[in-house]
Amino acid sequence: MDYFIIQEDRSAGYTGYVDASHRWGLPGVYCPLCQDTWSGGANVYPSVDLTPIAALADFETPRAEPIEEYERLCELVRPLLPPGAQLEPGAGFGPLEGKAQGRFGPLFMDFGELLLVQREALNKLQTEGLRGLKGCPTALRFRQRHSPELLELELLPVGRLHPDCLPPNPQPPCPRCGRLMHPLPDVLILDASTLPNHLDLFRLEDYCNVTICTERFMEACQRLGLDGVVFQPLRVNAGP
C-alpha cells in the first residue's frame, strides 16, 4: 500500500478562507520537567460534545495551566473521546466555529490542521467504501448567499515516522508532558509497522499536524474529480 501526505493546493484557484476555532479546548501546559510552556492544537475531535462536563468554562478560554490542572482536565474529557483518540495540550473539541468566506473546492485544508469537505463530496467518497471517513458538522458563518455545507473530517492519530528520517540519537519525548524535542523532519519516512489497516485517512501519532491518506483515498479523489488538495507520495520503511 502506498501512502501520501495531504496538503493545501494553492494553485487550484479557490479563494476559501476560514477564521475559526473549536468550541472547547484543553489549555496549554507549563511542564516543570522540561520547563517548557506549549500547546499543540492539531489534535481535534469535532464529534466530541463536552456538555456533560459541569465546569464547561474550564474549556472555553485558551490559556496555559500548570501540568497538574491540565492533567485533571484531561481526565474529565477522556471518557467522552472516540476510540483511538489521544490528548495533548491545546486539543480541540466540538464544532468548528467562526467565519468563512470565498469559494471552496470539494476539499479544503488549512495549515495542515483542518481538513474540510463539502457534503456532496463526502457522500461520493463514502460510496467508494473508504474506511474511517467521519464528517462532523461545522458552525461556520458565511457572508455570501450561496454558502457551501462544509463538514470537518475527524482524523485519528495513528502511525509514526521511521527512525531513518529522524535526527541521530533523537532525544525522547518529555516523559511528563509528551513534548517532542525535535521539529518535523524535512523528508518524511513512515514506519510501516505502525500504519493502520483499518483507516484510509488519519493523522500521524507523533506529528499530529501531518495528514496521511492511502492510495485508495487518493485514487478515489482523482477519479471523482475532487480537488482542493494535493497528494505527495511518502516513502515507507519496514523495521526499526
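Everything numeric here is computed off the predicted structure, so don't read it as measured data.

Asks: Just checking my understanding: could you explain the overall build of the protein for this structure?
Replies: The helix and strand tally for the protein stands at three helices and 16 strands. Radius of gyration (C-alpha) of the protein: 18 Å, near the 18 Å computed for a compact globule of 240 residues. If one aligns the C-alpha atoms of the protein with their principal axes, the spans along those axes are about 50 × 45 × 30 Å. When the 240 residues of the protein are sorted by exposure, 48% land in the buried category. The contacts in the protein between residues at least 6 apart in sequence include a share of 79% that link residues at least 24 apart. Accessible surface computed for the protein: about 12,000 Å², of which carbon and sulfur atoms make up 49%.

Asks: How do you make sense of the pairing of strand 8 (residues 107-110) when you look at a structure like this?
Replies: Of the two faces of strand 8, the one holding L107 and M109 and the one holding F108 and D110 are both buried throughout. Here strand 8 runs beside strand 9 (residues 114-118); their pairing, made up of four bridges, is antiparallel. Looking at strand 9, one finds that M109 is bridged to L115.

Asks: Just to check I follow, could you spell out the side chain of N43 for this structure?
Replies: With respect to the helices and strands, N43 occurs in the loop between strand 4 (36-38) and strand 5 (44-45). Looking at N43, the relative accessible area reads 0%, which means it is buried. The contacts of N43, once residues within four sequence positions are left out, are Q86, E88, A91, G92, P157, R203 and C208.

Asks: Could you clarify how one ought to interpret helix 2 (residues 119-127) in this entry?
Replies: An α-helix turns once every 3.6 residues. As a result, residues three or four positions apart point the same way. All of the buried residues along helix 2 are A121, L122 and L125. The buried residues of helix 2 all sit within an arc of 100 degrees when viewed along its axis, so they share a single face. Of the exposed residues in helix 2, the ones pointing more than 90 degrees away from its buried face are E120 and T127. Considering only its buried residues, helix 2 is in contact with strand 9, strand 10 (135-137), strand 12 (150-153) and helix 3 (215-224). Positive backbone phi, approximately 80 degrees, marks G129, located one or two places after helix 2.

Asks: Just to check I follow, could you spell out the sheet that holds strand 14 (residues 201-203) for this structure?
Replies: Strand pairing in a sheet relies on backbone hydrogen bonds, with the paired strands running either antiparallel or parallel. Pairing in this open sheet of five strands is mixed, and the strands run 13-16-1-15-14 from one edge to the other. In this open sheet, the two strands that pair with only one neighbour each are strand 13 (189-191) and strand 14. On average, adjacent strands in this sheet sit at an angle of 40 degrees to one another, irrespective of strand direction. Where strand 1 (residues 3-8) meets strand 15 (residues 211-214), three bridges bridge the pair, whose relative direction is antiparallel. Following the sheet pairing, I5 is matched in strand 15 by I212. Each of strand 1, strand 14, strand 15 and strand 16 (229-237) is contacted by helix 3, which is oriented at about 80 degrees to strand 15, the strand it contacts most.

Asks: In this structure, what is going on with the confidence of the model for the protein? I would like to understand it.
Replies: One rule of thumb: low pLDDT means the predicted coordinates there are not for detailed reading. Chain-level statistics for the protein give a pLDDT mean of 94 and a share of 98% at 70 or above. Mean pLDDT values for the elements of the protein range from 92 in strand 8 up to 98 in helix 3.

Conventions we followed
Residues numbered from 1 in each chain as written. Predicted model: local features only at pLDDT ≥ 70, side-chain atom pairs only at ≥ 80, totals over all residues. Heavy atoms only, no water. Helix = DSSP H or I, 4+ residues; strand = E, 2+ residues; numbered from the N terminus. Rg over C-alpha atoms; globule rule 2.2 N^0.38 Å. Buried < 20%, exposed > 50% of the residue type's maximum accessible area, 1.4 Å probe, protein only. Contact = heavy atoms within 4.5 Å. Areas by Shrake-Rupley, 256 points an atom, 1.4 Å probe, with all protein chains shown as cover. Pairing = 2+ DSSP bridges. Arc of directions from axis to C-beta. Axes fitted to C-alpha atoms, helices over the stretch in contact; angles between N-to-C directions. pLDDT = per-residue confidence, 0-100.

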